[in-house]
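This is what each chain is made of:
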Amino acid sequence: MASSLTKDSVTPGTPGSEKTFFGHPRGLATLFMTEMWERFSYYGMRALLPLYLVAPGGLGLSAGTATAIYSVYLSLVYLLTMPGGWFGDRVWGPRKTVAVAGGIIMLGHLTLALPSSGTFYAGLGLVAIGSGLLKANISTMVGQLYDGPDDPRRDGGFTVFYMGINLGAFGAPLIIGTVGENVNWHLGFALAALGMGLGVAQFLLGSRHLAAQSSVVPKPLSAAEKTTTLRKAAFWAVVAAVFYAIVGFTGHYTLNWVLVPLTLLGVIVPVMVLTRIKRDKSLATAEQSKMSAYIWFFVAAAVFWMIYDQGGSTLSIFADSSAENSVLGWEFPVSWYQSVNPVLIMALAPVFAWFWLALNRRGKEPSTIVKFASGLVLVGASFFLFLAPLSIADGGHKAAAMWLVAIYFTQTVGELLVSPVGLSVTTKMAPVKYASQMMGVWFLAVTAGDATTGLLSIAGVDLNRMGIVALEAALAVVAGAAVWMYRRKVKALMGDVR
């Protein structure tokens with residue numbers, strides 16, 4: 001990456017040094033590489049997770065239970081971005097929070113590498129906690145590199161950052177997935193720990209290029225607030241410990257005693273958080289209006305991620321049992337499907353970034369609202385496309401691998417219309433009081449979507465049934481149409497944010 005650092009003029013007052021990274025502040029290179037290695041570890045483990053859960057040599061669970069665990073795990077990862085953002089705002093500051101988070105993630109992957117089902121769920125919990133701490137704060141630090149919301153490089157910077165995510169996500173299934181499926185599941189998880197270790201080392205070495213603001217705690221807790229927070233945390237920890245001890249000792253414990261509460265939290269907490277921010281009387285009128293507009297984007301994103309994230313569970317489990325996982329007679333591991341999306345992102349993201357900039361110069365760039373509506377329609381179309389391989393499998397045949405590739409391609413185009421744009425618009429519309437926390441709110445949309453999938457799986461709904469897939473596809477298309485129909489109302493609420 002060093003070869004891409006060139007001398008360039010920057011806007012006076014822009015954080016970072018004079019050197020740039022693809023025309024962006026040099027600190028973006030540090031965050032790019034950190035996120036790349038974190039995503040390498042995360043997506044490598046994620047590619048293995050549903051396959052390990054159903055494999056006879058793994059935990060040997062049913063497809064429904066595996067999907068529920070996978071969905072709840074993803075939901076928890078993104079749910080914890082909210083307290084992660086709170087830690088960045090109130091306790092450690094974004095930079096320290098990211099460094100500590102990387103260590104927790106590495107420990108979690110090492111725990112997953114232990115050949116014991118008893119430690120497996122503890123490892124998932126540690127990875128979820130670490131990921132929650134890291135995600136909101138590293139995205140906030142990307143925003144801090146730029147000269148305010150109106151810096152014309154801002155959207156492009158988030159797109160470059162997004163490519164770092166997908167570079168790590170591309171390599172992970174090919175390396176970690178291959179080792180996990182063909183050699184040893186737990187050795188694959190150990191490789192994920194190594195990737196995160198490299199990410200932490202790179203972050204510590206390159207942190208001098210970050211904005212000075214990244215080390216600042218925007219609103220540090222007072223001594224009284226620290227005491228109150230610790231007391232509340234201890235109280236709820238004791239309540240949970242006593243409750244589960246009673247359930248366990250009375251012989252009533254099943255996995256659903258954990259899964260159901262977590263999925264309900266994934267639905268309830270996002271609603272509560274948005275309501276609390278919206279009702280904050282200290283926000284200016286313009287900030288209140290932007291929050292009203294933001295709710296539209298949030299709901300749209302939740303529907304999008306509900307379908308999109310099934311690419312790692314529903315589609316992966318389908319491929320494992322019902323697809324011909326070969327090209328021209330050459331067979332490949334099922335986990336390799338998870339590299340299709342990131343390689344397409346890396347190919348298409350620069351094209352999209354250039355395209356938006358070119359349209360912007362001509363005053364013809366589509367609004368954020370139109371991009372979101374289009375993304376929803378595309379993710380719905382991907383599940384309409386999924387009906388074809390499902391029909392082939394119902395006929396007793398193996399579906400061709402290219403059907404799944406086509407589904408991932410359609411979802412990827414939709415993702416490029418929703419995800420990087422959503423990250424950017426969140427930083428633009430966030431009330432000053434909730435800077436890092438609003439990044440957590442954005443990720444709560446993923447929580448709500450994945451929690452819904454988890455609830456369906458726990459309720460016994462077969463997500464590989466054609467009727468359910470068609471219903472989900474129709475929901476996304478209808479949601480996209482609704483967002484487009486009300487675009488003028490939402491645009492008015494957004495005020496000066498485009």
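Everything discussed here concerns the structure shown above.
A brief structural summary. Being a predicted model, the structure only gives us computed values, none of them experimental.

The rules behind these values
- Within any chain, residue numbers begin from 1 and follow the written order of that chain's sequence.
- In keeping with the model being predicted, local features are shown solely for residues with a pLDDT of at least 70 and side-chain atom pairs are shown and tallied solely at 80 or more, while totals for entire chains, interfaces and linings include all residues.
- Hydrogens are left out, water is left out, and the side-chain values use all remaining heavy atoms of the structure.
- Elements are defined by DSSP. Helices are runs of H or I of four residues or more, strands are runs of E of two residues or more, and each kind is numbered from the N terminus.
- Both definitions apply: the radius of gyration is a C-alpha atom measure, and the globule rule equals 2.2 Å times residues to the power 0.38.
- Burial classes: relative accessible area under 20% of the type maximum marks a residue as buried, over 50% as exposed, and values in between as partly exposed (1.4 Å probe, protein chains only).
- Accessible areas in this description were obtained via Shrake-Rupley with a 1.4 Å probe; residue shielding takes into account the shown protein chains only.
- Note that His is not counted, nor are the chain ends; the positive residues are Lys and Arg, and the negative ones are Asp and Glu.
- All charge positions are set by atom: Lys at NZ, Arg at CZ, Asp at CG, Glu at CD.
- For salt bridges, the criterion is a side-chain nitrogen of Lys or Arg within 4 Å of an Asp or Glu carboxyl oxygen.
- Note on ring pairs: Phe, Tyr and Trp rings are taken, using the six-membered ring of Trp, and paired if centres are within 6.5 Å. Classes follow the plane angle, with under 30 degrees stacked, over 60 edge-to-face and the rest tilted.
- To estimate the expected span of a helix, count its residues, drop one, and scale the result by 1.5 Å.
- Only heavy atoms matter for contacts: two residues are in contact if any of them lie within 4.5 Å across the pair.

1. Description of the overall build of the chain
Scanning the chain from N- to C-terminus turns up 17 helices and seven strands. Taken over the C-alpha trace, the chain has a radius of gyration of 22 Å; the compact-globule value for 498 residues is 23 Å, and the two agree within 12%. By its C-alpha atoms, the chain is 65 × 55 × 45 Å across when sized along the principal axes. A burial count over the chain gives 53% of its 498 residues as buried. Total accessible area computed for the chain in this model is approximately 20,500 Å², and 68% of it derives from carbon and sulfur atoms. Charged side chains in the chain number 34 positive and 24 negative. The centres of these two groups are separated by 10 Å.

2. Observations concerning the pattern of salt bridges
Counted by the stated rule, this structure contains three salt bridges. Of the charged contacts in the structure, one is a salt bridge between Arg39 and Glu38, with a shortest N-O distance of 2.6 Å. Arg39 gets classed as buried once you look at its relative accessible area, which sits at 1%. Taking the shortest distance from any N to any O, the salt bridge between Arg90 and Glu225 comes out at 2.9 Å. With a gap of 135 residues between them, Arg90 in helix α3 (residues 81-90) and Glu225 in helix α8 (residues 223-249) connect regions that are remote in the sequence. The partly exposed category is assigned to Glu225, whose relative accessible area is 32%.

3. Some thoughts on the packing of aromatic side chains
Applying the stated criterion across every chain yields a total of 27 aromatic pairs. Centre to centre, the rings of Phe243 and Tyr244 are 5.1 Å apart; their planes meet at 85°, and the pair counts as edge-to-face. An aromatic cluster of three or more residues is present, and its members are Tyr52, Phe120, Tyr121, Trp185 and Phe189.

4. Focus on the environment of Asp394
Its place among the elements puts Asp394 in helix α13 (residues 368-394). On the basis of relative accessibility, which here comes to 61%, the residue Asp394 falls in the exposed class. Along the sequence, Asp394 and Met466 sit 72 residues apart, while their C-alpha atoms lie 9.5 Å from each other.

5. Considering helix α9 (residues 256-278)
Compared with the 33 Å implied by 1.5 Å per residue over 23 residues, the 33 Å span of α9 between its first and last C-alpha is a close match. Those residues of α9 not exposed but buried are Leu259, Thr263, Gly266, Pro270, Val273, Leu274 and Ile277.

6. Some remarks on the side chain of Thr447
Its place among the elements puts Thr447 in helix α15 (residues 435-458). Classification of Thr447 as buried rests on a relative accessible area of 0%. Thr447 has contacts with Ser75, Tyr78, Leu79, Gly266 and Pro270, leaving out every residue within four places of it along the chain.

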